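What follows is each chain in one-letter form.
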Amino acid sequence: MRLVLVGPPGAGKGTQAQFIASNLSIPKISTGDIFRANVSGGTELGKLAKEYMDRGDLVPDEVTIAMVRDRLSESDAQDGFLLDGFPRNVPQAEILKKMLAEFGVALDIVLELVVDDDEVVRRLAGRRTCSQCGRIWHVDFDDKKDDVCDACGGRLYQRDDDKEQTVRHRLEVYQEQTAPLVSFYADEGILVGVDATGPVEEVTQRAMEALGPFTD
Ligand code: ADP
Ligand code: ADP
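Calculation notes
- Residues numbered from 1 in each chain as written.
- Chains lettered and ligands numbered in written order.
- Predicted model: local features only at pLDDT ≥ 70, side-chain atom pairs only at ≥ 80, totals over all residues.
- Heavy atoms only, no water.
- Helix = DSSP H or I, 4+ residues; strand = E, 2+ residues; numbered from the N terminus.
- Rg over C-alpha atoms; globule rule 2.2 N^0.38 Å.
- Buried < 20%, exposed > 50% of the residue type's maximum accessible area, 1.4 Å probe, protein only.
- Lys, Arg positive; Asp, Glu negative; His and termini not counted.
- Charge placed at Lys NZ, Arg CZ, Asp CG, Glu CD.
- Axes fitted to C-alpha atoms, helices over the stretch in contact; angles between N-to-C directions.
- Parallel < 35°, antiparallel > 145°, perpendicular 65-115°, else oblique.
- Left-handed = near helix turned anticlockwise from the far one by under 90°.
- Contact = heavy atoms within 4.5 Å.
- Nonpolar A, V, L, I, M, F, W, Y, C, P; charged D, E, K, R; others polar.
- Pairing = 2+ DSSP bridges.
- Near = heavy atom within 4 Å.
- Polar contact = N/O pair within 3.5 Å; in protein donor to acceptor, adjacent residues only side chain to side chain.
- Areas by Shrake-Rupley, 256 points an atom, 1.4 Å probe, with all protein chains shown as cover.
- Phe/Tyr/Trp six-rings, centres within 6.5 Å; stacked < 30°, edge-to-face > 60°.
- Lys NZ or Arg CZ within 6 Å of the ring centre and 35° of its normal.

**Q** Mind laying out the overall build of the chain, listing which residues take part and the relevant values?
**A** The helix and strand inventory of the chain stands at 9 helices and 8 strands. Compactness check: the chain gives a C-alpha radius of gyration of 16 Å against a globular reference of 17 Å for 216 residues, within 12% of the reference. With the C-alpha coordinates aligned to their principal axes, the bounding extent of the chain is approximately 45 × 40 × 35 Å. Residues counted as buried form 47% of the 216 residues belonging to the chain. Taken as two groups, the 25 positive and 39 negative side-chain charges of the chain have centres that lie 4 Å from each other.

If you want it as structure tokens, here you go:
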């Protein structure tokens, strides 16, 4: 299955991507995670991406697209993948379509995680990420008081771009640049909306039901 998750920052894409990708035995490809790994590794790509990420702006398309092309060419992505955080605007979506056509394949489905703005702000304000395994937690919803990852024992941190000012800007960027993807993929006939409110497991269940007709 070739699948894209779309939704505003904080909708729960990364959280759901972990479970959906594992349920379907396909690799989860999160452009935000790849950029963050490059920033902490001090690579050229990381140095370039950092200033955009710190502001809450999108990293330029040519950089992002080249990175995704490389990742999708790897052997584990040949039979399917879950993209989280890419595409992020219509030009990226158009190039992805062309890229997949070159590989002789196409997207099966785009899942839109639907949540309202208040919930998104609540989720982002309490988001914590494991510095070791990358797992995503929430201070209130997961009752994380100790900054220790229950999955691997690693230290949890708050992302720099989850500060209030940057969050506001990222939500504007989403409305201006990413939200148009919803009608783009609706026109392609592959968009399915999923109510992303309520407990994580319920959202996963709804997502898996939506994907049901596309699984073997
Ligand atoms: P969130 O989980 O809050 O939606 P991400 O982890 O997906 O955020 O992305 C963090 C940052 O990484 C973005 O604000 C942007 O700077 C950069 N980024 C991630 N994916 C893309 C992309 N497809 N195009 C451009 N920039 C991206
Ligand atoms: P995105 O990748 O879309 O930016 P995340 O998956 O990182 O979103 O989730 C943002 C925050 O919200 C995280 O702290 C996560 O633990 C929390 N979260 C995700 N899904 C839910 C949910 N269904 N209920 C409560 N909190 C959630």
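After that view, the rundown keeps rolling.
**Q** Hey, could you go over the packing of helix H1 (residues 13-24) against helix H9 (residues 200-211) for me, with residue numbers and the actual values?
**A** Look at H1 against H9: their axes get within 10 Å of each other, and the N-to-C directions meet at 50°. Taken as axis vectors, H1 and H9 run oblique relative to one another. For the element pair H1 and H9, the recorded crossing hand is right-handed. Counting all contacts with H1, which are made through Thr15, Gln16, Phe19, Ile20, Asn23 and Leu24, the residues of H9 involved are Val200, Val203, Thr204, Ala207, Met208 and Leu211. For the contact of H1 with H9, the class distribution of residues is 8 nonpolar, 4 polar and no charged.

**Q** Kindly report on the environment of threonine 31, identifying the contributing residues and their values.
**A** As for its placement among the helices and strands, threonine 31 is situated in helix H2 (residues 31-41). Separated by 28 residues in the primary sequence, threonine 31 and leucine 3 place their C-alpha atoms 14 Å from one another. Setting aside chain neighbours within four positions, we find threonine 31 in contact with Met67, Val68, Asp84, Gly85 and Phe86.

**Q** Any chance you could break down the sheet that holds strand S1 (residues 2-6) for me, citing the residues and the numbers?
**A** With parallel pairing, 5 strands are arranged side by side in an open sheet as S2-S3-S1-S4-S8. Sheet topology places strand S2 (28-30) and strand S8 (191-195) at the edges, where each strand pairs with a single neighbour. In this sheet, adjacent strand axes meet at a mean angle of 25° when their direction is disregarded. For strand S4 (residues 109-114) and S8, the ladder comprises 5 bridges, and the chain directions are parallel. Opposite glutamate 112, over in S8, you have glycine 193 as the bridge partner. Lying over the sheet, H1 contacts S1, S2, strand S3 (81-84) and S4, oriented at roughly 165° with respect to S1.

**Q** Can you lay out the site of ligand 1 for me, pointing to particular residues and giving the numbers?
**A** As a matter of local geometry, ligand 1 sits amid 19 residues, with Thr31, Arg36, Asp57, Gly85 and Arg170 nearest to it. The contact in question runs from an oxygen atom of ligand 1 to an N or O atom on the side chain of arginine 88, over 3.0 Å. Within the side chain of arginine 127, an N or O atom sits 3.1 Å from an oxygen atom of ligand 1. When isolated, ligand 1 has an accessible area of 560 Å², and the protein chains bury 96% of it.

**Q** Would you mind going over the packing of aromatic side chains in detail, with residue names and values included?
**A** On inspection of all chains with the given rule, the structure shows 1 aromatic pair. Look at phenylalanine 184 and tyrosine 185: their rings are 5.0 Å apart centre to centre, the planes differ by 90°, and that puts the pair in the edge-to-face class. According to the relative accessible area criterion, phenylalanine 184 is buried, its value standing at 15%. Since its relative accessible area comes to 2%, tyrosine 185 is described here as buried. Directly above the aromatic system of tryptophan 137 lies the positively charged group of arginine 135, at a separation of 4.7 Å from the ring centroid. Seen from the ring of tryptophan 137, lysine 144 lies directly overhead, with NZ or CZ sitting 5.3 Å from the centre.

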